[in-house]
Structures are given as structure tokens and as C-alpha cells.
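So the chains spell out like this:
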Amino acid sequence: MEFGVTDFVNPNDFEKPIEEVLRELSSGGLDYCFECVGNVDVMRAAFQSCHDGWGKTILVGIEAASKKLSFNPMQFFDGREIKGSTFGDFKGRTQIPDLVDQCITKAELNLDAFVTHELPFHRINEAFRLLKEGESLRCVVRMEEEGERPPPSPPLSSQK
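Note that the structure is a prediction, hence the values are computed from the model and not measured.

**A short note on the confidence of the model for the chain**
Of the residues in the chain, 87% have a pLDDT of 70 or more, and the chain-wide mean is 83. Within the chain, the lowest mean pLDDT, 83, falls on helix 3 (residues 92–105), and the highest, 94, falls on helix 1 (residues 18–25).

In C-alpha cells:
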């Protein structure tokens, strides 16, 4: 299974608002819009980019400043939807076995492609810097030093 975008549109390349550009490029609007940065202006633009009748906007980013997201209520009467999502609506308790099966047993989902950096714990500040600067998608922080692995823990049944 592969992930990715089909097209990338830079809003700075256009004179008009990006929602108008996207509605024109897609002949009426997008089926799905994902807002991932936590900016209320981008949330509104994503919603207004969706197709009337069936377009769905999923808010993934979290607005840090607790700003209000306002819409004209009439925009909801044409069938577009907006919802928030935490962890992709993943249900950890019930869906972890299927995820493990997809990742390990069947090798259907390549999570390694999402890890761009691995750093030892003493370099955790560098990991945060990479994430904040957009240089890293996911950074795995290892508790042991580079080249070290702690000895395996004894099974729980042997501990008293």
C-alpha cells in the first residue's frame, strides 16, 4: 500500500483564493480535503474547496491559539461535511491487531517509509528542531545510545 498526493498546488502561485483555484481545477470541488497545519484560514479554505453535495473536510491540525472557526451556516445545507480527526479516528484497542497484521505479517503497510530520522535520546532536542523546521516527517528517538542495545528483560513469569 502506498501513500501520497496526486497533485500539489502552491497557493502562492495564484492571484485568486486557493479554494477558487481548486474548485476550478477539479470541475466543481474536491471530494476530500485534509487540513493538517492547524490554521483556521486553511481550515476554512479546505471546507470551501470541497464539492457541493458530497465533499468532506477532515481537520487534523490543531489550532494552538484557540481561535474561532466561522462559516456562513448556509454552506452546510449543500451537503458538504466537516469533521475533526485524532489519530485518523484509529481505535487503538480494537484495531491494533489488524494494524500489526498489515505491517508485520502481510507487509502491506510500510511504516519505515514514514521514519526520516533515528536519533539517540541525548539528541532529543535535535529531533524536536528537525520536526519544527519541517526537516523530519517522523523521528524515532532511541533510549539507548547509538550501537548499544540493552539486555533483554526476563519474562514476566520469572519475576517475583
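**What about the sheet that holds strand 3 (residues 81–84)?**
Ordered by their spatial adjacency, three strands build an open sheet running 1-2-3, and the pairing between neighbours is parallel. Two strands close off the open sheet at either side, each with one partner strand: strand 1 (32–35) and strand 3. Strand after strand, the sheet turns through a mean of 15° between neighbouring axes, direction not considered. Looking at chain direction, strand 2 (residues 56–59) and strand 3 are connected through four bridges and run parallel. Among the inter-strand pairings, I58 is bridged to a residue of strand 3, identified as K83. Contacting strand 1, strand 2 and strand 3, helix 2 (residues 40–49) runs over the sheet at an angle of about 175° to strand 1.

**Side note on the packing of aromatic side chains**
Summed over all chains, the structure comprises three aromatic pairs. Aromatic pair F47 and F71: ring centres 4.7 Å apart, planes at 65°, arrangement edge-to-face. Taken together, the positions of F47 in helix 2 and F71 in the loop between strand 2 and strand 3 put the pair 24 residues apart, joining distant regions of the chain. Residues F47 and F71 agree in their burial class; the two are buried.

The rules we used
- Residues numbered from 1 in each chain as written.
- Predicted model: local features only at pLDDT ≥ 70, side-chain atom pairs only at ≥ 80, totals over all residues.
- Heavy atoms only, no water.
- pLDDT = per-residue confidence, 0-100.
- Helix = DSSP H or I, 4+ residues; strand = E, 2+ residues; numbered from the N terminus.
- Pairing = 2+ DSSP bridges.
- Axes fitted to C-alpha atoms, helices over the stretch in contact; angles between N-to-C directions.
- Contact = heavy atoms within 4.5 Å.
- Phe/Tyr/Trp six-rings, centres within 6.5 Å; stacked < 30°, edge-to-face > 60°.
- Buried < 20%, exposed > 50% of the residue type's maximum accessible area, 1.4 Å probe, protein only.

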